[in-house]
Amino acid sequence: MNRAALFDVDGTLADTNHLHVTSWWEALRQSGHHVPMHAIHRAIGLPGPDLLGHLLGGDRDRSEDERLSAAHDTLYATYFDRLPVFGSTAELLRALSSAGWKVVLVTSAKDSELAALRKAVGADDAITATASADDVEKGKPAPDPVRRALDLAEVAPDRAVFIGDSVWDMKAAVGAGVAAIGLLCGGIPREDLEEAGADAVYPDPAGLLAGLDDSPFSGVPSA
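Residues numbered from 1 in each chain as written. Predicted model: local features only at pLDDT ≥ 70, side-chain atom pairs only at ≥ 80, totals over all residues. Heavy atoms only, no water.

A separate point is the nonpolar core. Within the largest apolar cluster, 39 residues are counted, with the highest numbers of intra-cluster contacts made by Leu 6, Leu 28, Ile 40, Leu 51 and Leu 55. Sequence-distant contacts of Leu 55, that is, excluding residues within four places in its chain, are made with Leu 28, Val 35, Ala 39, Ile 40 and Ala 43. (Core = buried A, V, L, I, M, F, W, Y, C linked by side-chain atoms within 4.5 Å. Buried < 20%, exposed > 50% of the residue type's maximum accessible area, 1.4 Å probe, protein only. Contact = heavy atoms within 4.5 Å.)

Here's what the structure looks like:
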């Protein structure tokens, strides 16, 4: 029987949340929107239009959305050649793959951004598939991206574990009926992750790798 390890990328495998915060802050500033960085940080993990709605409100001028997203993408792309990843990220993915888990990335990153992230992670040999926000009607916190990842891995929800760093990740996993692991390396407090549905919380990929045997992964039998 198959098992799947579903991973968010930004803030979970790659130390990029604050790069996104800076890029969104500058894109918004250039258009006359002064949004505190802490508010932007809390919204990271949402697809672009949802992030803008969360920050600017539903009554915003939606005609700006495409331009704001394009500005963010252009600013963020300047980091593509030096995206940082958390320690033991590649080792964690390879350890799970070697143990028979299908590793699927669940991300809102677009093609060029995802390519840069995968290059930075450096573990393509351990990755089975990628579920993008472009593949579904609704992004996180809706369960659609997680369900898409389950379809790609050809596993039932009780045969998968989702790992993310945001409340949106935890809510998406819970909505899809998948066990959720929260990582603190994205900057969101433990209490928020647990309230959103995390079954367990670890500091970062290295901490999860060290504790795999006692993590929610151990609750999914190999057969």
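After that view of the structure, there is still more to cover.
Turning next to the pattern of salt bridges. If charged atoms from side chains of opposite charge come close, those side chains can pair. Going through the model one piece at a time under the given rule, you end up with 11 salt bridges. Residues Asp 73 and Lys 110 are paired through a salt bridge, measuring 2.9 Å at the closest nitrogen-oxygen approach. Taken together, the residues Asp 73 in helix α4 (residues 65–77) and Lys 110 in the loop between β2 (101–107) and α6 (111–121) connect sequence positions 37 residues apart. On the basis of relative accessibility, which here comes to 25%, the residue Asp 73 falls in the partly exposed class. Note that Asp 125 is salt-bridged to Arg 94, the shortest N-O span being 2.9 Å. Here the residue Asp 125 occupies a position in the loop between α6 and β3 (127–132), and Arg 94 occupies one in helix α5 (residues 89–98), the gap between them amounting to 31 residues. Residues joined by salt bridges that share partners form a network here, namely Asp 8, Lys 140 and Asp 169. (Salt bridge = Lys/Arg side-chain N within 4 Å of Asp/Glu carboxyl O. Helix = DSSP H or I, 4+ residues; strand = E, 2+ residues; numbered from the N terminus.)

Turning to α5, a few remarks are in order. Buried within α5 we find Thr 89, Ala 90, Leu 92, Leu 93 and Leu 96. For α5, the buried positions fall inside an angular range of 165° around the axis, keeping them on one side. Where α5 is buried, its residues meet β1 (3–7), β2, α6, β3 and α10 (205–210). Two residues or fewer past α5, Gly 100 is found with a positive phi of approximately 95°. (Arc of directions from axis to C-beta.)

Here helix α3 (residues 48–56) crosses α4 at 110°, and the two axes come no closer than 10 Å. Classified by the angle their axes make, α3 and α4 are roughly perpendicular. The residues of α4 that touch α3, namely those facing Gly 48, Pro 49, Leu 52 and Leu 56, are Asp 65, Leu 68 and Ser 69. Residues of the contact of α3 with α4, tallied by class, amount to 4 nonpolar, 2 polar and 1 charged. (Axes fitted to C-alpha atoms, helices over the stretch in contact; angles between N-to-C directions. Parallel < 35°, antiparallel > 145°, perpendicular 65-115°, else oblique. Nonpolar A, V, L, I, M, F, W, Y, C, P; charged D, E, K, R; others polar.)

Geometry only, nothing functional implied.
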